[in-house]
Amino acid sequence: MGFDIQQTLLWIVLLPLLGALINGIAGRHASKAAVNVVAVGSVFVAFLLSVVGFVHLAQAEGGNASIVFDFYEWFSIEVQRVGAPSVEVPVRVRFVMDHLSGIMTVMVTGIASLIHVYSIGYMAEDEGYARFMTYLNLFTASMLVLVLASNVPLMFVGWEGVGLCSYLLIGFWFKNADYAAAGRKAFVVNRIGDFGVLIGMFLLVAVVADERTPDAFEFAQINAVATRIGLTQVQLGGATLGVTVATAASLFLFLGVCGKSAQFPLFVWLPDAMAGPTPVSALIHAATMVTAGVYLLCRLSPVFVESPYAMAFVATVGAFTALLAASIALVQNQMKKILAYSTVSQLGFMVAACGMGAFAGGFFHVFTHAFFKACLFLGAGSVMHAIHSHSDADIRYLGGLRKKLPKTHITFAIATAAIAGFPLTSGFFSKDEILLGALTWATGFPYAPFMGWVVFGALVLAATMTAFYMFRLYFRAFWGEYKGGYADDDPHHHKVEHPHESPDAMTVPLYVLAAGALLVGLLGLPHAWHLPNLWSEWLAPGHEAFLAVLHEQGHGEEAVAAATAAAREVPSAMASLQFQGQMVHGADWIAWVAMGAGSLAFLIGAGLAYVWYVQQDGSAPAGLQRSMPGLHRILMDKWRFDELYGFLIVTPMRWLAYFAANLDRFFVDGLLTRASSAGAKALGFLLTRAQNGVVFAYAGLMVAGLAGLAWWFTYPHPALEGEAGTGEVSWVAGRGLGYEYRWDFDSDGEWDTEWSADPAASHVYVDEDQIYGLVAIVEAPRSMFGAEELVVTAGETVEVPTVNLAADWVRTTITTDGDADEGLFGRTPTAPTLRYDGGRLVVNINSANIVDRDGGDDGRLALRAGETVTFGGGRITVAVLVRGTVEVKNPFGNRSRESRDLTLRVNPGAEGGEPQAQVIR
Amino acid sequence: MEIGLGTYLALASVLFGIGAVGFLTRRNILLQLMSIEVMLNSVNLTLVAFNRWTPGEPGAWNHHGQVFAFFVIAVAAAEAAVGLAILISLYRLKSSVESDSADLLKH
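Counting restarts for each chain, with residues numbered from 1 along the sequence as it is written. For naming, the first written chain is A and the first written ligand is 1, with later ones following in the order written. Per-residue local features are limited, in this predicted model, to residues with pLDDT of at least 70; the limit for side-chain atom pairs, both in listing and counting, is 80 or more; totals at the level of whole chains, interfaces and linings are taken over all residues.

Enquirer: Give me the lowdown on the overall build of chain B, citing residues and values where you can.
Expert: Secondary structure elements are defined from DSSP: runs of H or I of at least 4 residues count as helices, runs of E of at least 2 residues count as strands, and each element is numbered from the N terminus. Within chain B, the regular secondary structure consists of 3 helices and 2 strands. Tracing chain B from N to C terminus, the helices and strands come up as α-α-β-β-α. The globule rule is 2.2 Å times the number of residues to the power 0.38, and the radius of gyration it is compared with is taken over C-alpha atoms. What you see for chain B is a C-alpha radius of gyration of 18 Å, clearly larger than the 13 Å of a compact globule of 107 residues, by over 25%. Over its C-alpha atoms, taken along the principal directions, chain B stretches across nearly 60 × 30 × 25 Å. With C-beta atoms placed from the backbone, a residue is labelled by how many other C-beta atoms lie within 10 Å of its own: buried for 20 or more, exposed for 12 or fewer, partly exposed between the two. Going through the 107 residues of chain B one by one, you find that 12% of them count as buried. Placing a C-beta atom from the backbone of each residue, one calls two residues in contact when those atoms lie within 7 Å. For chain B, contacts bridging at least 24 residues in sequence account for 49% of all contacts bridging at least 6.

Here it is in structure tokens:
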């Protein structure tokens, strides 16, 4: 049996799932060591398998190699289309590891392994140890489904799965009501985003699904026809909205991105999510789950690229979020709070990069951020472990930890330098790519270049703030004098005199992550240096072709267009608008400006933090705080977004819930329940009156009933039914003992058959005089009720009551050949009338000029049965009405008679052929 | 007067009417049971009479009506046994054989 590379994908997903299953069922009764082996082992083996798959990809030829594992077809849906047959769209359970998901898979399993190891030390004393490990494993499995899914619905399964695990882990210490509330908040806010993902998915499928591309849920299929999505307009009820499907779907999907990746306005859940244990904050709310939104942006990047509006929106929201969250982080004092807002801010960087078309750069930041932010959170966890804190650590009461926790300190310092953008660390390189993307937009894109400058400015400012608040956190926590960990008057905690360094299980992951934070940036060396950029070649290999064309044809606009087209030919994991802006302009200055701005941001932010908190001991910021109390308070209160949402959404919802609850209590439970029970009681009272205990009354009722039955059997009951078949009508009367039947098929008073015992008869209605009347089947345009049948009998005139029909008729006379009929124009339309005249149905429509088949010009149209007249969107079809009569007699000699009418749609017959009646003006 | 099917049916109707009136007007359960027997016998009479006048085709005679009459007699015997047992129970309970005294299930 050979080793099948495809199978690895299945086991990457299944192993953590099995781990969760085993620990979930048996973990409570198993020893801690056994739980560890299952939890850490399953994730670590998944990591090894991911590396195997990744190496396989790296060795493969071609631009975007992939490993595909087709598990099974889950179900399929039928997509209805207007004016075309419906399409069967399958939803597969299929995993794909390509260049994009390959990186993500290795990153998720790798960091998850480290954090599982860390949790062994961090959660050692917790009573819910096995439960915690179960959730972590379940999270890892869900995240891997999300990443490896080949289609949107399967990705959505993972998307919801990680949301569930996030909820479970934020509220892990659910006995604390605040923590449980934080979990609920995260879940509810994410639901808003999930709604967007669903709408976006259905929009895409509605456009993509057709005969040639029935696999419309697959990412590959959607991306392949992205151009078509960008050209299709959204239609609502027949009206075109002037918005392409690409724009609409991108914006709805971006709502999901905002929820999952904590972007404005849905970012409020992430800071509260720090209520969960610190490893959770590191794994889910910093390194992996929150980057799912950015991953979705990259995955469907060809669709996003089709809509400049959506892209500009995404970039703006990302930059705004980066700035907003960084400003909040400036003044916070809780370690994990600062890191949480820092995460929101960094996610803003990634989203902004995607919005500017620098998908590779944004995803690079996802990668580097996973290392240094996980390291920072775990470092914070190590500090909290040292001072025996469960919830958070206040940097005002820390200090001097440099000497107390040397291992934590060195790793924390490296990660801080990386996130702040210290040159040659990973954060420096990835942030540089993003700033370069903004500059490329500002100088190279045809749409809204000024927005590029705005976004660039916002990102540089946010980067400066990042450097400042991160070094503020670092200096205040690790430098200076140790202050005991808690305030003097803290009622819940005692000062910890001798904080101790964490066990190896916690420090080893810190070392690994710090090494990553330091080194992984080398994968994407800046373009200005003209060194190989492995990252871009891996994810966006098109730029090689781009440069080749450019080198050949110079740097004119035509050359750029040709080069872009050539680049698009190269298969790559995602789209890219960013083919090295400085090359487009034939100069490196943009890249140097971006790098200079990034370095300057680091120098200003970190330098200010050093001067204020190391040299001056914090008096300058305290003075600032005193001089601007209003600004400081609003920053401390996180711009009061929670209060705003509470006022706008939560409070009205509470009122609605209060109203609904009382409606239920008083109307449903009170009034309706009592009314129905009282009704049943009253009915019961009435019926029990019959149970009067007098046998004479019972017997009397019985005898009366018997008499009634006897009377019913004395007379026959015809119960006539008719059914129109091809060419004839089948009549059936009711059966009975000794019944005999005779028929008058045309109801002319003369019996057509003799008495017979057969209750069924059929008759062919040929002659005109067998017809009882005509039926006009009027189909009005836009009628809600479908066709309407009007019976017209001899000599009778019937008005068609469908007003729409008359109005449309008038419009038709005026516009048919552009020659306005003065006589009719402006006249109030009257309803058409129908009259039965000698076997014909005479249609008189609004006294209009009608030329009938005979060339007559008498304003009337005589229609035979089976003919149709069409006008103004309306249609009148003439059908035939027949009436059959049956007489039944029983052995007593009693007789009964019954008639029934039947409408028959008929062909026009030999005389006319196709109906030629036409309204011409 | 010729004696035909109609005569028997008329007699059966009269018997049925006598039974029904007796059942409705008497309060003594014993008498009511006897009235029921009269009604059942009137039905037996119609069954036998119908069978006699429509016995089927030559070679394929049937006696369905007469067989039915025997069934009715058997059921009537069973019914009388059950009815009299109930009567005795009622008498023990209420010291009465009036049907109106059995009113424990009334509203």
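After that view of the structure, there is still more to cover.
Enquirer: A description of the overall build of chain A should follow, citing residues and the corresponding values.
Expert: Of the regular secondary structure elements, chain A holds 31 helices and 17 strands. Considering chain A as a whole, with its 921 residues, one finds that 47% of them fall into the buried category. By sequence separation, contacts in chain A at least 24 residues apart represent 73% of the contacts at least 6 residues apart.

Enquirer: So what's going on with the interface of chain A and chain B? Which residues, and what values?
Expert: Listed as interface residues are 11 residues of chain A and, on the opposing side, 9 residues of chain B. Looking at the side of chain A that touches chain B, the element that brings in the most residues is helix H30 (residues 695-714) of chain A, giving 5 residues.

Enquirer: Residue-level account of the packing of helix H11 (residues 278-287) of chain A against helix H16 (residues 359-386) of chain A, with values.
Expert: Residues and elements named next belong to chain A. Direction vectors running N to C along H11 and H16 enclose 160°, while the axes themselves pass 8 Å from each other. One way to sum up the angle between H11 and H16 is to call them roughly antiparallel. For the element pair H11 and H16, the recorded crossing hand is right-handed. Along the contact surface, H11 presents Thr 278, Pro 279, Ser 281, Ala 282, Ala 286 and Ala 287, while H16 presents Ala 370, Lys 373, Ala 374, Phe 377, Leu 378, Ala 380, Gly 381 and Met 384. Looking at side-chain class alone, the contact of H11 with H16 contains 10 nonpolar, 3 polar and 1 charged residues. Note on method: axes are straight lines fitted to C-alpha atoms, helices fitted across the in-contact stretch only, with angles between N-to-C directions ranging 0 to 180 degrees. For classification purposes, an angle smaller than 35 degrees is called roughly parallel, one larger than 145 roughly antiparallel, one from 65 to 115 roughly perpendicular, and anything else oblique. Crossing handedness is defined as follows: a turn of the near helix away from the far one that is anticlockwise and smaller than a right angle gives a left-handed crossing, while the clockwise case is right-handed. For this classification, Asp, Glu, Lys and Arg are treated as charged, while Ala, Val, Leu, Ile, Met, Phe, Trp, Tyr, Cys and Pro are nonpolar and the rest, including Gly, are polar.

Enquirer: Provide a residue-level description of unusual backbone geometry, including the pertinent values.
Expert: All names here are of chain A. With an omega of 5°, the peptide bond between Phe 264 and Pro 265 qualifies as cis. Its identity as a non-glycine residue notwithstanding, His 388 has a phi of 55°, on the positive side. A count of 14 C-beta atoms within 10 Å places His 388 in the partly exposed class. Even without being a glycine, Trp 639 presents a positive backbone phi close to 60°. With respect to the helices and strands, the residue Trp 639 is situated in the loop between helix H28 (629-636) and helix H29 (641-688).

Enquirer: I'd like a description of the confidence of the model for chain A, backed by residues and values.
Expert: Caution is warranted with low-pLDDT regions, since their predicted coordinates should not be read in detail. Residues and elements named next belong to chain A. For every residue, the pLDDT score states the predictor's confidence, bounded by 0 at the bottom and 100 at the top. With 87% of its residues at a pLDDT of 70 or more, chain A shows a mean pLDDT of 83. Segment residues 806-828: pLDDT under 50, and 32 contacts once partners within four positions in sequence are set aside and those in other chains are kept. Low pLDDT, under 50, characterises residues 849-857; the stretch is placed with 15 contacts to residues that sit more than four places away or in other chains.

Enquirer: Hey, could you go over the sheet that holds strand S6 (residues 729-732) of chain A for me, with residue numbers and the actual values?
Expert: Residue and element names in this part refer to chain A. Overall, antiparallel pairing links the 3 strands, which are arranged S5-S6-S8 in an open sheet. With partners counted over all chains shown, the strands left at the sheet margins are strand S5 (721-724) and strand S8 (760-763), one partner each. Pairwise comparison of adjacent strand axes, ignoring direction, gives a mean angle of 20° for this sheet. Whether two strands pair comes down to DSSP finding at least two bridges between them.

Enquirer: Give me the nonpolar core: which residues, what numbers.
Expert: Nonpolar side chains in soluble globular proteins tend to be buried together. All names here are of chain A. Counting 238 residues, the largest nonpolar core has Ala 352, Ala 374, Cys 375 and Leu 459 as its most contacted members. What Ala 352 contacts, discounting residues up to four positions off in sequence, is Ala 315, Gly 318, Ala 319, Ala 322, Ile 434, Val 455 and Leu 459. What we call a nonpolar core is a set of buried Ala, Val, Leu, Ile, Met, Phe, Trp, Tyr and Cys residues whose membership is set by joining through C-beta atoms within 7 Å. Counting residues in hydrophobic clusters, the runner-up holds 17 residues, among them Leu 774, Val 792, Ala 865 and Val 869.

Enquirer: Tell me what's going on with helix H9 (residues 245-260) of chain A, and back it up with residues and numbers.
Expert: Residues and elements named next belong to chain A. One fewer than the residue count of a helix, multiplied by 1.5 Å, yields its expected span. Taking 1.5 Å of rise per residue, 16 residues should cover 22 Å, and H9 covers 22 Å from first to last C-alpha, within 8% of that figure. With 16 of 16 residues buried, H9 is to be regarded as a mostly interior element. In the stretch just after H9, Ala 262 is the one whose phi turns positive, near 55°.

Enquirer: Would you mind going over H29(A) in detail, with residue names and values included?
Expert: A rise of 1.5 Å per residue sets the reference length of H29(A), with its 48 residues, at 70 Å; its end C-alpha atoms lie 65 Å apart and thus fit the reference within 8%. One axis is fitted to the seven residues ending at the residue and one to the seven starting there. The bend at that residue is the angle between these axes. The principal kink in H29(A), of about 45°, is found at A:Phe647.

Enquirer: Any chance you could break down the environment of A:Gly605 for me, citing the residues and the numbers?
Expert: All names here are of chain A. With respect to the helices and strands, the residue Gly 605 is situated in helix H26 (residues 589-615). Note on Gly 605: 24 C-beta atoms within 10 Å, which makes it buried. In this view, Gly 605 contacts Ala 420, Thr 464, Met 465, Thr 466, Ala 467, Phe 468 and Phe 471; residues no more than four positions away in its chain are not counted.

Enquirer: Please set out the environment of A:Cys258 residue by residue, giving values where relevant.
Expert: All names here are of chain A. Considering the arrangement of structural elements, one finds Cys 258 in helix H9. With 89 residues separating them in the primary sequence, Cys 258 and Leu 347 have C-alpha atoms 9.9 Å apart. The residues touching Cys 258, leaving out its near neighbours within four places in the chain, are Gly 193, Gln 263 and Leu 266.

Enquirer: How would you sum up the environment of A:Asn692? Please name residues and give values.
Expert: With respect to the helices and strands, A:Asn692 occurs in the loop between H29 and H30. Leave out the neighbours within four places in its chain, and A:Asn692 touches A:Ala697 and B:Lys106.

Enquirer: Account for the confidence of the model for chain B, naming residues and giving values.
Expert: All names here are of chain B. For chain B, mean pLDDT is 89; residues scoring 70 or higher make up 99% of the total. Confidence, read as mean pLDDT per element, is least for strand S1 (residues 56-57) in chain B (79) and greatest for helix H3 (residues 64-94) (93). With a pTM of 0.71, the predicted complex shows an ipTM of 0.78.

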